[in-house]
Protein chains: 2
Amino acid sequence: MQRRQFIKGASMLMAAGAIAPLAQANINSQVSASTAAFTSGKYRILALVFDDYETLDLHGPVEMLGHMPNTEIKLVAATEIVRSYQGPRVVADCLTTNTYDCDLLLIPGGMGTRTLINDLPLRQWLIEQVGRSQNVFTVCTGTALLAMTSVLNGRKATTNKMAFQWVTSLNANPQWQAKARWVFDGKFLTSSGVSAGTDAALFWVKHLHGAAEAQRIQTLTEYDWNADPLNDPYAAA
Amino acid sequence: MQRRQFIKGASMLMAAGAIAPLAQANINSQVSASTAAFTSGKYRILALVFDDYETLDLHGPVEMLGHMPNTEIKLVAATEIVRSYQGPRVVADCLTTNTYDCDLLLIPGGMGTRTLINDLPLRQWLIEQVGRSQNVFTVCTGTALLAMTSVLNGRKATTNKMAFQWVTSLNANPQWQAKARWVFDGKFLTSSGVSAGTDAALFWVKHLHGAAEAQRIQTLTEYDWNADPLNDPYAAA
């Protein structure tokens, strides 16, 4: 059997609502839909991923937030399998063909944002998804994706300090903070580059559950938490 | 068509060497084999993953090591899709049905190690894979998996400090270090809990490429590196 013929045959079977082939380029919402829904009663974290996302932007916060009680973390993407800038791939739990009610929308940064800022369907998805998210947490140049909408306008916000000129050039209306490990304003938590997201995540644990819970997770992960948002060793010049 | 019938039919098609369905329980080496080989001339990092691995144990080192020049990182697992303790899933690039020549074997820890220490096929795989690895880097309770073999015997080694009693009880023959952020002895780099792996990874960058390269990656990731292996705030009592 030719590969093309097999794929065509498999597609017909898939259309009947069965299972999907593992093909990076082929989105299959049947598989994702089965895992898209959050468990009732959980604190719902939805994390956007895209090719060339920066590994620690996502997984630092996932580590810390994932130790909070009664928490569920789902990945959302335009494709079912997404490759990080460092190589390893993750599996999306649901697709950006829909938006989802959630408690925290997590948006990492990375080299992928350099082209994604021009992705109009993603921009529209973000606007709608932000509307269905209780809070929004950006890490690093993830802030750039939000800056392409107007949702941060008038808000204090920060971003990666090596990319500060680029991100702030995209939108003059947020109150950009050149010296901040993270900023929380309105419903938006924005953090500085890469590792700052991990510090901001522990702030979020403290915000939701108190200092003792943040301390518990810090100890559990043997982490050296920079707990002061104004202690920013990489402040933009 | 019943689901069971479809799966049976799909399996028969798969046996013809075409494409694989996305089913967590179903290993398909056809898909993995296509990405198992490292690119010639790259620094080859092979990272073991398993269900309930601890997110940052893996992705902290992946972040830092992934910024080294000319480096390729592949995930290896017993199944094609693996779920972290925090929820998000990764895709294995190759399977533990084979061993692979590599420059650095990375072994994260996590709750999954509590049962994996009794997995005899994995233990045998580790012994063979360590033999094909130039260096081996364990994070957190990833050290427990190595401690179930004799490869660390006589070597200085460390592990997660909250799990120190458990890990050291598995094998009395390594020279266990109760106060160490990380230890490098022979071909083995072992680190303390979770975040310590990220510090140890930057040490490894320095070891391979010098202090300036470690500094470059530290700055790029806005990381507050604990660069002193004896500075261990979580030392075992």
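Just so it is clear, the model here is predicted, and its values are computed rather than measured.

Visitor: So what's going on with the overall build of chain A? Which residues, and what values?
Guide: For chain A, the helix and strand inventory stands at nine helices and 11 strands. Per-residue burial over chain A gives 59% buried out of 237 residues. The long-range share in chain A, meaning contacts at least 24 apart out of those at least 6 apart in sequence, stands at 68%. When the accessible surface of chain A is totalled, it reaches about 9,300 Å², and 50% of it is carbon and sulfur.

Visitor: I'd like a rundown of the environment of A:His59, residues and numbers included.
Guide: Residues and elements named next belong to chain A. Along the chain, the position of His59 falls in helix H3 (residues 55-65). Residue His59 is classed as buried on the basis of its relative accessible area, which comes to 1%. As for His59 and Thr198, which are separated by 139 residues in sequence, their C-alpha atoms are 8.4 Å apart. There is a polar contact of 3.1 Å between the side chain of His59 and the side chain of Tyr53.

Visitor: How would you summarise the environment of B:Phe203 if you had to cite specific residues and measurements?
Guide: Residues and elements named next belong to chain B. Within the secondary structure layout, Phe203 lies in helix H8 (residues 196-209). We classify Phe203 as buried; its relative accessible area is 19%. Linking Phe203 and Trp225, residues 22 residues apart in sequence, is a C-alpha distance of 9.3 Å.

Visitor: How would you sum up the packing of helix H3 (residues 55-65) of chain B against H8(B)? Please name residues and give values.
Guide: Residue and element names in this part refer to chain B. Contact geometry of H3 with H8 gives a least axis separation of 8 Å together with a crossing angle of 25°. Overall, the two elements H3 and H8 adopt an arrangement that is roughly parallel. Seen from above, H3 lies across H8 with right-handed handedness. On the side of H3, the interface is formed by Leu56, Gly60, Pro61, Met64 and Leu65, while H8 contributes Gly197, Thr198, Ala201, Leu202, Trp204 and Val205. The residue inventory of the contact of H3 with H8, partitioned by class, reads eight nonpolar, three polar and no charged.

Visitor: Which residues make up the pairing of strand S10 (residues 182-185) of chain A, and what values go with them?
Guide: Residues and elements named next belong to chain A. Strand direction decides the pairing type here: S10 and strand S11 (residues 188-191), joined by four bridges, are antiparallel. Within S11, the position partnered with Val183 by the bridge is Thr190. Count of turn residues in the S10/S11 antiparallel hairpin: two residues, of which Gly186 carries a positive phi of about 65°.

Visitor: Break down the sheet that holds strand S2 (residues 71-77) of chain A for me, citing the residues and quoting the values.
Guide: Remark on secondary structure: sheet strands pair via backbone hydrogen bonds, oriented parallel or antiparallel. Residues and elements named next belong to chain A. Taken in spatial order, the seven strands of this open sheet run S5-S2-S1-S6-S7-S11-S10, and their pairing is mixed. With partners counted over all chains shown, the strands left at the sheet margins are strand S5 (94-95) and S10, one partner each. Note that strand S1 (residues 43-48) and strand S6 (residues 102-107) share three bridges and pair parallel. Considered in S6, the bridge of Ala47 is made with Leu106.

Visitor: Account for the packing of aromatic side chains, with residues named and values stated.
Guide: Going through the model one piece at a time under the given rule, you end up with eight aromatic pairs over all chains. Against the face of A:Trp166 rests A:Arg114, its NZ or CZ located 4.0 Å from the ring centre.

Visitor: For the sheet that holds strand S11 (residues 188-191) of chain B, give the residues involved together with the corresponding values.
Guide: In spatial order, the strands read S5-S2-S1-S6-S7-S11-S10 (chain B); together these seven strands make up an open sheet with mixed pairing. The open sheet has two free edges, formed respectively by strand S5 (94-95) and strand S10 (182-185) of chain B, since each of these has just one partner strand.

Visitor: Quick rundown of the pattern of salt bridges? Include the residues and the values.
Guide: A side chain of one charge can pair with a side chain of the opposite charge when the charged atoms of the two come close. The full count for this structure, using the stated rule, is 16 salt bridges over all chains. Close ionic contact of A:Arg44 with A:Asp103 constitutes a salt bridge, the shortest N to O distance being 3.1 Å. Highlighted residues: A:Arg44 in strand S1 and A:Asp103 in strand S6, separated in sequence by 59 residues. Assessed through its relative accessible area of 25%, A:Arg44 is described here as partly exposed. The class of A:Asp103 is buried, set by a relative accessible area of 15%. Measuring nitrogen to oxygen at the nearest pair gives 3.1 Å for the salt bridge that ties B:Arg89 to A:Asp93.

Visitor: How would you sum up the side chain of B:Gln218? Please name residues and give values.
Guide: With respect to the helices and strands, B:Gln218 occurs in helix H9 (residues 211-220). Look at B:Gln218 and you get buried, because its relative accessible area is 12%. When neighbours within four sequence positions are excluded, B:Gln218 is seen to be in contact with A:Tyr234, B:Leu202, B:Tyr223, B:Asp224 and B:Trp225.

Visitor: For the side chain of A:Ser195, give the residues involved together with the corresponding values.
Guide: If you trace the backbone, A:Ser195 turns up in the loop between S11 and helix H8 (196-209). Overall, A:Ser195 belongs to the buried group, its relative accessible area being 1%. A distance of 2.7 Å separates a polar atom in the side chain of A:Ser195 from the backbone oxygen of B:Thr221.

Visitor: Could you give an account of H3(A), naming the residues involved and the relevant values?
Guide: In terms of burial, H3(A) is largely enclosed, as 11 of its 11 residues are buried. Restricting attention to buried positions, one finds in H3(A) the residues A:Thr55, A:Leu56, A:Asp57, A:Leu58, A:His59, A:Gly60, A:Pro61, A:Val62, A:Glu63, A:Met64 and A:Leu65.

About the cut-offs
- Residues numbered from 1 in each chain as written.
- Chains lettered and ligands numbered in written order.
- Predicted model: local features only at pLDDT ≥ 70, side-chain atom pairs only at ≥ 80, totals over all residues.
- Heavy atoms only, no water.
- Helix = DSSP H or I, 4+ residues; strand = E, 2+ residues; numbered from the N terminus.
- Buried < 20%, exposed > 50% of the residue type's maximum accessible area, 1.4 Å probe, protein only.
- Contact = heavy atoms within 4.5 Å.
- Areas by Shrake-Rupley, 256 points an atom, 1.4 Å probe, with all protein chains shown as cover.
- Polar contact = N/O pair within 3.5 Å; in protein donor to acceptor, adjacent residues only side chain to side chain.
- Axes fitted to C-alpha atoms, helices over the stretch in contact; angles between N-to-C directions.
- Parallel < 35°, antiparallel > 145°, perpendicular 65-115°, else oblique.
- Left-handed = near helix turned anticlockwise from the far one by under 90°.
- Nonpolar A, V, L, I, M, F, W, Y, C, P; charged D, E, K, R; others polar.
- Pairing = 2+ DSSP bridges.
- Phe/Tyr/Trp six-rings, centres within 6.5 Å; stacked < 30°, edge-to-face > 60°.
- Lys NZ or Arg CZ within 6 Å of the ring centre and 35° of its normal.
- Salt bridge = Lys/Arg side-chain N within 4 Å of Asp/Glu carboxyl O.

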